[in-house]
Amino acid sequence: RKRGFIFDLDGVIVDTAKYHFLAWKKLANGIGIDFTEHQNEQLKGVSRIESLKKILKWGKVTLSEADFNKLMAEKNTNYLSYIATMDESEILPGVIKALQYLIDKKQPIALGSASKNSVEILNKVNLLNRFDAIIDGNAVTKAKPDPEVFLKAAQSIHFSPENCIVFEDSVAGIQAANRANMISIGIGEASILNEADVVFKDFTEISTDFLEKLLSVTKS
Ligand code: BG6
Ligand code: MG
């Protein structure tokens, strides 16, 4: 029995939200806008371009296209300086065990992430070779909650959507998985991810028995 397993990256495999926070805060404060942890929460799963649009809206700031693009580039340069220090120790608890279980069972695994830095990050934490396909921000034109990223990920591992299982930490990502007609597994707070088919706090709560059961489920 086989299913297609699709993993989001940020917040599921690694906790990069803290680095996004530092980089967005520096950018926002630099143009006189406050930026809180609470606002950072609302940027989870949101593409880089949409994130900057939201921050400008919150701060009631409008920019020329040239300045907008300059800030986008600066944000990423700053973010990449944090990514540069990452290593295996930043892989979230239970993730390697789950990935290894699926690999041992010969299940295909794809990445479905909004990030344009996914290969860089997976390389840093030494997980790139565990994925059969990488579909990320460079491969899609529509951001989550649009299902494009997950539909492309399913195609890349040759599975129909209803036989795919998505692990996601963001509300937009859970909605994208549901719209793609895939099984959505939330990683985080059940009260926030209430649209998911099932929610776990983190991968340490996901048993190998549960993963085994997923091999015979189909989204209905
Ligand atoms: C998502 C993150 O995975 O990727 C967002 O949750 C981020 O916070 C988005 O903005 C885009 O990432 P990047 O690395 O291309 O700026
Ligand atoms: Mg995420």
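Starting from 1, residues in each chain are numbered consecutively following that chain's sequence as written. By the order in which they are written, chains take letters starting at A while ligands take numbers starting at 1. Local features in this predicted model are restricted to residues of pLDDT 70 or higher, and side-chain atom pairs are both shown and tallied only at a pLDDT of 80 or more, whereas totals for entire chains, interfaces and linings draw on every residue.

An unreviewed UniProt entry annotates the protein as Beta-phosphoglucomutase originating from Gaetbulibacter aquiaggeris. Quoted verbatim from the Sequence similarities (unreviewed entry) heading of the UniProt record, the comment on the protein is "Belongs to the HAD-like hydrolase superfamily. CbbY/CbbZ/Gph/YieH family." UniProt positions are given in the numbering used here, feature names are shortened, and annotations may be inferred rather than shown by experiment.

### Re the overall build of the protein
Numbering of helices and strands runs from the N terminus, with a helix taken as a DSSP run of H or I at least four residues long and a strand as a DSSP run of E at least two residues long. Along the backbone of the protein there are 9 helices and 6 strands. We compute the radius of gyration from the C-alpha atoms alone; for a globule the expected value is 2.2 Å times N to the 0.38, where N is the number of residues. The C-alpha atoms of the protein give a radius of gyration of 17 Å, which matches the 17 Å a tight globule of 220 residues would have. Its C-alpha atoms give the protein principal-axis dimensions of roughly 55 × 35 × 30 Å. Backbone-placed C-beta atoms define the burial measure: a residue is buried with 20 or more other C-beta atoms within 10 Å of its own, exposed with 12 or fewer, and partly exposed in between. A burial count over the protein gives 40% of its 220 residues as buried. The contact rule is simple: place each C-beta atom from the backbone, and if two of them lie within 7 Å, those residues are in contact. If you take every contact in the protein between residues at least 6 apart in sequence, the share linking residues at least 24 apart comes to 60%.

### Quick notes on the nonpolar core
By convention in this section, buried Ala, Val, Leu, Ile, Met, Phe, Trp, Tyr and Cys residues joined through C-beta atoms within 7 Å make up a nonpolar core. Ile6, Phe150 and Val166 are the most contacted members of the largest nonpolar core, which has 56 residues in total. Beyond its immediate stretch of four places on either side in the chain, valine 166 contacts Ile6, Gly112, Phe150, Ala177, Met182, Ile183, Ser184 and Ile185.

### Description of the site of ligand 1
For each residue, a C-beta atom is positioned from the backbone; the residue is called near a molecule or strand if that atom sits within 6 Å of it. The environment of ligand 1 is made up of 18 residues, and the closest members are Asp10, Arg48, Ala114, Ser115 and Lys116. Residue polarity follows a fixed list, in which Ala, Val, Leu, Ile, Met, Phe, Trp, Tyr, Cys and Pro are nonpolar, Asp, Glu, Lys and Arg are charged, and the others, Gly among them, are polar. Of the residues assigned to the shell around ligand 1, the class counts are 4 nonpolar, 10 polar and 4 charged.

### Some words on the environment of phenylalanine 203
Along the chain, phenylalanine 203 turns up in the loop between strand E6 (198-200) and helix H9 (208-214). In this structure, the C-alpha to C-alpha distance between phenylalanine 203 and leucine 122, residues 81 residues apart in sequence, is 18 Å. Those residues in contact with phenylalanine 203 that sit more than four places away from it in its chain are Leu92, Pro93, Gly94, Val95 and Ala98.

### Comments concerning the pairing of strand E2 (residues 109-112)
In this analysis, strands are considered paired if DSSP registers two or more bridges between them. Sheet topology places strand E1 (residues 4-7) next to E2; 3 bridges connect them, and they run parallel. Bridged to phenylalanine 5 within E2 is isoleucine 109. For E2 and strand E3 (residues 133-135), the ladder comprises 3 bridges, and the chain directions are parallel. Looking at the pairing, leucine 111 lines up with isoleucine 134 of E3. Handedness is read with the strands pointing away from the viewer; a crossover is right-handed when the path from the first strand over the helix to the second is clockwise. Read as a crossover between parallel neighbours, the route from E2 over helix H6 (residues 118-124) to E3 is right-handed.

### Regarding the sheet that holds E6
Reading across the sheet, the 6 strands line up as E3-E2-E1-E4-E5-E6 and stay open at both edges, with parallel pairing between neighbours. Among the strands making up the open sheet, the edge pair consists of E3 and E6. Between one strand axis and the next, the sheet turns by 20° as a mean value, whatever way the strands run. With axes taken as lines fitted to C-alpha atoms, and helix axes fitted only over the stretch in contact, angles between N-to-C directions fall between 0 and 180 degrees. Helix H7 (residues 148-156) rests against E1, E2, E3 and strand E4 (164-168) of the sheet, and its axis sits at about 160° to E3.

### Description of helix H8 (residues 171-179)
Buried residues dominate H8, accounting for 7 of its 9 residues. Residues Val171, Ala172, Gly173, Ile174, Ala176, Ala177 and Asn178 constitute the buried set of H8. As for H8, its buried residues are in contact with H7, E4 and strand E5 (183-187). Looking one or two places after H8, you find asparagine 181, whose phi comes out positive at around 65°.

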